[in-house]
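Chains, contacts and geometry: an overview
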Amino acid sequence: MSIEKFQSIESPAVPLPIENVDTDQIIPARFLKATTREGFGENLFRDWRYDKKGLPIEDFVLNNSSYSGCILVAGKNFGSGSSREHAAWAIHDYGFKVVVSSFFADIFKNNALNNGLLPVQISDSFLASILEAIAGDAGTVLKVDLEEQTITLKATGQSESFDINPYKKECLLKGYDDIDYLLSIKEKIEKFEKSRS
């Protein structure tokens, strides 16, 4: 599965200032029957978005038309719990390209990167500044620059750098999954194999 190329995004952000969001809250286990990546977005945060009758819960952020954009700004320790890859599928399928937090569970972080979803880990203080800015203005725009590895609060110019595995960065920039990457260096692999025979 090739992924969409990612260089830089400027977008309003959707705030989810809740800590310790686990993968069962992101996509409940009862929706894990499908084996393809499509269709999971409609059940993203299902038990927070809808009541037991299937009606939207008005005060949940994804049901608030004031917020839009392809960047999700979450509280600390996002993606903990089980290792289900479906959590990254659901977030990406909903339309988010970036998740911002001050800490991610390692397995979620890797699943996100493998599925074209960029996890941007920042300091607690910068996360607080971003959430405060969004609370004051729902249209607050963030810029995420993968090449420069920076995230910027456009209104103030406040910026912070973030880390990313260099291999995963290259894959996102070029729109490669692991197989695409191997195909891109096929000649080098063949040359190495010949040199070993």
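Structure shown above.
All of the points below concern the structure found in this document. Note that the coordinates shown come from a computational prediction; the quantities given were computed from them, not determined experimentally.

**Describing the overall build of the protein chain**
Tallying secondary structure elements over the protein chain gives eight helices and seven strands in all. The buried share among the 197 residues of the protein chain stands at 43%. Pairs at least 24 residues apart make up 65% of the contacts formed inside the protein chain by residues separated by at least 6 positions. Summed over its atoms, the accessible surface of the protein chain is roughly 10500 Å², and 49% of this surface lies on carbon and sulfur atoms. Of the charged side chains in the protein chain, 22 are positive and 29 negative, and the gap between their average positions amounts to 5 Å.

**A word on the side chain of Asn111**
With respect to the helices and strands, Asn111 occurs in helix 4 (residues 106-114). Residue classification places Asn111 among the buried residues on the basis of a relative accessible area of 12%. Those residues in contact with Asn111, other than ones at most four positions away along the chain, are Ser83, Arg84, Glu85 and Ala88.

**A short note on the sheet that holds strand 6 (residues 150-153)**
Read across the sheet, seven strands follow the order 4-3-2-1-5-6-7 without closing on themselves; strand pairing throughout is mixed. Whereas interior strands pair on both sides, the edge strands pair on one side only; in this sheet they are strand 4 (118-121) and strand 7 (158-161). Neighbour to neighbour, the strand axes of the sheet diverge by 30 degrees on average, direction disregarded. Of the strand pairs in this sheet, strand 2 (residues 71-74) and strand 3 (residues 98-101) are connected by three bridges, and their pairing is parallel.

**Here's the deal with the environment of Tyr67**
If you trace the backbone, Tyr67 turns up in the loop between helix 2 (46-49) and strand 2. By relative accessible area, Tyr67 is classed as partly exposed at 22%. The spatial distance from the C-alpha of Tyr67 to the C-alpha of Ala13 is 7.0 Å, given a sequence separation of 54 residues. Excluding anything up to four places from it in sequence, Tyr67 contacts Ala13, Val14, Pro15, Val61, Ile134 and Ala138.

Conventions used here
- Residues numbered from 1 in each chain as written.
- Predicted model: local features only at pLDDT ≥ 70, side-chain atom pairs only at ≥ 80, totals over all residues.
- Heavy atoms only, no water.
- Helix = DSSP H or I, 4+ residues; strand = E, 2+ residues; numbered from the N terminus.
- Buried < 20%, exposed > 50% of the residue type's maximum accessible area, 1.4 Å probe, protein only.
- Contact = heavy atoms within 4.5 Å.
- Areas by Shrake-Rupley, 256 points an atom, 1.4 Å probe, with all protein chains shown as cover.
- Lys, Arg positive; Asp, Glu negative; His and termini not counted.
- Charge placed at Lys NZ, Arg CZ, Asp CG, Glu CD.
- Pairing = 2+ DSSP bridges.
- Axes fitted to C-alpha atoms, helices over the stretch in contact; angles between N-to-C directions.

Keep in mind that these numbers describe shape and distance, not what the molecule does.
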